[in-house]
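# Fold and contact review
Spelled out from the first residue to the last, the chains are:
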Amino acid sequence: MSSATLYLERLSALLQQAVREDAARHGLLPIHIQVLQYLAQANQYSDLPIAIADYFGITRGTVSQTLAVLERKALIVKQADARHGKRIHLKLTPAGMAVLQDSWAERMQRALDMQPDGAALAGTLRDILVALQRLNGQHAFGICRQCAHFRTDGATTHCGLTGEALAIEQTGKICREWATPA
């Protein structure tokens, strides 16, 4: 095992431990905290139950049970999509956002911010992630504005895949339709 692999394994173990601790502090399971964190970062193509299943590699049944718990605890709400019939979007409530205050993700971001060349590190980590997703045959998720489908026409942005306009705040979020730029 190379030292880089060892470091990644240790980081993974520390992150898993932090997720478990955050979840326990709020009377939740780790997947509940992970879904809340995911939804905080998901754009309008990714705040869907099926996207959660794809992102975490879990069954629709597990997603359904997780969403039921989060909804019962008033951490999320379901919103019907006005344009797409049965499609349901999932949104964090203020209580859901409060759960994420000083979370494992914020602590990780602070550690990353301490690195002298954070942008290069982020790019390297993204490349490793994309390579692993390909090797494992998994769906790649990525940041909207870093996608091959992302288009900008002066002051407006839109998705080249769907043709839909994108609000600026959506372009910095995770998208399930993400494709590696050429």
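Described in the following lines is the structure provided in the data block. (Residues numbered from 1 in each chain as written. Predicted model: local features only at pLDDT ≥ 70, side-chain atom pairs only at ≥ 80, totals over all residues. Heavy atoms only, no water.)

## Notes on the nonpolar core
Using the following cut-off: As used in this record, nonpolar core signifies buried Ala, Val, Leu, Ile, Met, Phe, Trp, Tyr and Cys residues forming a set joined through side-chain atoms within 4.5 Å. Throughout, exposure labels follow a simple rule: accessible area from a 1.4 Å probe, protein chains only, divided by the maximum for the residue type, with under 20% read as buried, over 50% as exposed, and the rest as partly exposed. A helix here means a DSSP run of H or I that spans at least four residues, while a strand means a run of E at least two residues long, and both kinds are numbered starting from the N terminus. Working rule for contacts: check all heavy atoms of both residues, and any pair within 4.5 Å makes them a contact.
Judged by nonpolar contacts, the single largest core of 28 residues is most densely connected at L28, L36, Y38, L39, I52 and I76. Counting residues per element, the ones that place at least two in this core are α1 (3–25), α2 (30–41), α3 (49–56), α4 (60–72), β2 (88–92) and α6 (104–113). Looking at which element gives the most residues to this core, the answer is α2, with six residues. Beyond its immediate sequence surroundings of up to four residues, Y38 is in contact with S46, A51, I52, Y55, F56, F141 and I174.

## Quick word on the packing of α3 against α4
Rules: Axes, fitted as lines to C-alpha atoms, cover a helix only where it is in contact. Angles between the N-to-C directions of the axes lie from 0 to 180 degrees. Two helices crossing with the near one rotated counterclockwise from the far one by less than a right angle form a left-handed crossing, whereas a clockwise rotation gives a right-handed crossing. Three residue categories are used. Nonpolar comprises Ala, Val, Leu, Ile, Met, Phe, Trp, Tyr, Cys and Pro, charged comprises Asp, Glu, Lys and Arg, and polar comprises the others, including Gly.
For the pair α3 and α4, the least separation of the axes is 9 Å and the interaxial angle reads 115°. You can see that α3 and α4 cross each other, and the crossing is right-handed. Within the contact between the two elements, α3 uses P49, I50, I52 and A53 and α4 uses R60, V63 and L67. Across the contact of α3 with α4, the residue classes tally to six nonpolar, no polar and one charged.

## Concerning the packing of α2 against α3
Definition in use: We call two directions roughly parallel when the angle between them is under 35 degrees, roughly antiparallel when it is over 145, roughly perpendicular when it lies between 65 and 115, and oblique otherwise.
Their axes nearest at 11 Å, the elements α2 and α3 cross at an angle of 115°. The orientation of α2 with respect to α3, classified from their angle, is roughly perpendicular. When the axes of α2 and α3 are compared, the crossing they make is right-handed. Between α2 and α3, the residues in contact are I31, Q34, V35, Y38 and L39 and A51, I52, Y55 and F56, respectively. In terms of residue class, the contact of α2 with α3 is built from eight nonpolar, one polar and no charged.

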